[in-house]
Amino acid sequence: MKKVLLIAVLVLTVLFVSGCGQKENAAPEEQPQTAQLQESPLSLPTEAPVIEGLPEGYDPSSEEDAFVPITDMIASEDGTALHAGSTPIPLDPVDMPPPTKRPDLTFTFSTYTATNLGITFESVAGYLVDDSKPEVYILTEPPELKKDNYSVVFTFTKSAVTNNYNMNNLKTDIRNFAADLGKINYQEWRVSDVAERTLLGKPGYYITYRGVLFDGTIVRGRVHMALLDNNRVLSIHYTGPGEYNTDYSNNVFTRIRSTLKAL
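Residues numbered from 1 in each chain as written. Predicted model: local features only at pLDDT ≥ 70, side-chain atom pairs only at ≥ 80, totals over all residues. Heavy atoms only, no water.

Novice: Just to check I follow, could you spell out the overall build of the chain for this structure?
Specialist: For the chain, the helix and strand inventory stands at three helices and 13 strands. Looking at the chain as a whole, 29% of its 263 residues qualify as buried. Within the chain, contacts between residues separated by at least 24 positions form 47% of all contacts whose residues are at least 6 apart in sequence. When the accessible surface of the chain is summed, it comes to about 18,500 Å², and 56% of that surface belongs to carbon and sulfur atoms. (Helix = DSSP H or I, 4+ residues; strand = E, 2+ residues; numbered from the N terminus. Buried < 20%, exposed > 50% of the residue type's maximum accessible area, 1.4 Å probe, protein only. Contact = heavy atoms within 4.5 Å. Areas by Shrake-Rupley, 256 points an atom, 1.4 Å probe, with all protein chains shown as cover.)

This is the structure:
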């Protein structure tokens, strides 16, 4: 029995010594792994890297774009944005201040007698007269008085019509006359509706127009026709520069109509 117990104690001792030896041999193998982890390139530096070549006190944020918030911008009427505090730019012709009104034209009137038409009237003195054609009488503004590269012209005509010619025919003729005027030399042409107005005390119609020549000149005019008793149609056609239409339509044309008399 004693020998058996002694052998068992020896075996346990050997096993214990062998286990301790394995643990001591395994410990050195873990040290290289720990050292390798500490030397890993993924570790972050504790201090920020120093960038060479920049001046001392340089602020990198100065290179960023400066944005103005939308709430700090003013939108003009055409949708373009203006920086806050800037002076709004007037938009022509939306909000431009009205131009300085030019003085109204003044006229000196004189009596004209169109013998070939059997009429007399007053118009601006000094106009050039052309009565070379029968039943046509033309007054033209002298070249030195021309405005906006367009001369004022008043053309008087008298033409024969048939016995059954009536006011409906007259209305058609005045519309056709105005339409035909715009077919030559004009890039834009607009005509008003026909309105009733007497001439020489006889029933008639008048029509106004506005045209733009190919060189950009704006032209305004008026045509007035009346059916006379002796199967004749009397017509007055005024044409002039658009900027001065009020002066000639309201003053000169009205003066002609109010002073018009038959010989």
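Let us keep going from here.
Novice: Please clarify how the sheet that holds strand β13 (residues 261-262) should be interpreted in this entry.
Specialist: Backbone hydrogen bonds hold the strands of a sheet together, and the pairing may be parallel or antiparallel. Ordered by their spatial adjacency, three strands build an open sheet running β3-β4-β13, and the pairing between neighbours is antiparallel. With one partner strand each, in any of the chains shown, β3 (109-114) and β13 form the two edges of the open sheet. Two strands pair when backbone bridges link them, and strand β4 (residues 119-124) and β13 are joined in this way by two bridges, in the antiparallel orientation. Within β13, the position partnered with Thr120 by the bridge is Lys261. On the sheet, helix α3 (residues 245-259) packs against β3, β4 and β13 and is oriented at approximately 155° with respect to β4. (Pairing = 2+ DSSP bridges. Axes fitted to C-alpha atoms, helices over the stretch in contact; angles between N-to-C directions.)

Novice: Sorry if this is basic, but what is going on with the confidence of the model for the chain here?
Specialist: Parts of the prediction with low pLDDT should not have their coordinates interpreted in detail. Model confidence for the chain is summarised by a mean pLDDT of 76, while 62% of its residues fall at 70 or above. Every residue in residues 26-92 is under pLDDT 50, and counting partners more than four places away or in other chains gives 26 contacts. (pLDDT = per-residue confidence, 0-100.)

Novice: Which parts of the structure should I look at to understand the packing of aromatic side chains?
Specialist: Throughout the structure, instances matching the rule amount to eleven aromatic pairs. An aromatic cluster is built from Phe107, Phe109, Phe154, Tyr238, Tyr248 and Phe253, whose rings are joined through pairwise contacts. The ring of Tyr244 carries the charged tip of Lys147 above its face, separated from the ring centre by 5.9 Å. Its end group placed over the ring of Phe253, Arg222 keeps NZ or CZ at 5.2 Å from the ring centre. (Phe/Tyr/Trp six-rings, centres within 6.5 Å; stacked < 30°, edge-to-face > 60°. Lys NZ or Arg CZ within 6 Å of the ring centre and 35° of its normal.)

Novice: What am I meant to see in the pairing of strand β7 (residues 153-160) here?
Specialist: Side chains on a regular strand alternate between the two faces of the sheet. Examined bridge by bridge, strand β6 (residues 136-140) and β7 share five bridges and lie antiparallel to one another. What sits directly across from Ile138, in β7, is Thr155. Where β7 meets strand β12 (residues 232-241), eight bridges bridge the pair, whose relative direction is antiparallel. Among the inter-strand pairings, Ser159 is bridged to a residue of β12, identified as Val233.

Novice: Just checking my understanding: could you explain the nonpolar core for this structure?
Specialist: As a rule of thumb, soluble globular proteins bury nonpolar side chains together. Judged by nonpolar contacts, the single largest core of 25 residues is most densely connected at Phe121, Tyr127, Tyr137, Leu139, Phe154, Phe156 and Tyr248. Counting only elements with at least two residues in this core, the list comes to β3, β4, β6, β7, β12 and α3. Element by element, the count of residues in this core is highest for α3, at four residues. Once residues within four sequence positions are removed from consideration, Tyr248 is found in contact with Leu105, Phe107, Tyr127, Glu141, Lys147, Val152, Tyr238 and Phe253. Counting 17 residues, the second largest nonpolar core, distinct from the first, contains Val194, Tyr205, Val219 and Leu227. (Core = buried A, V, L, I, M, F, W, Y, C linked by side-chain atoms within 4.5 Å.)

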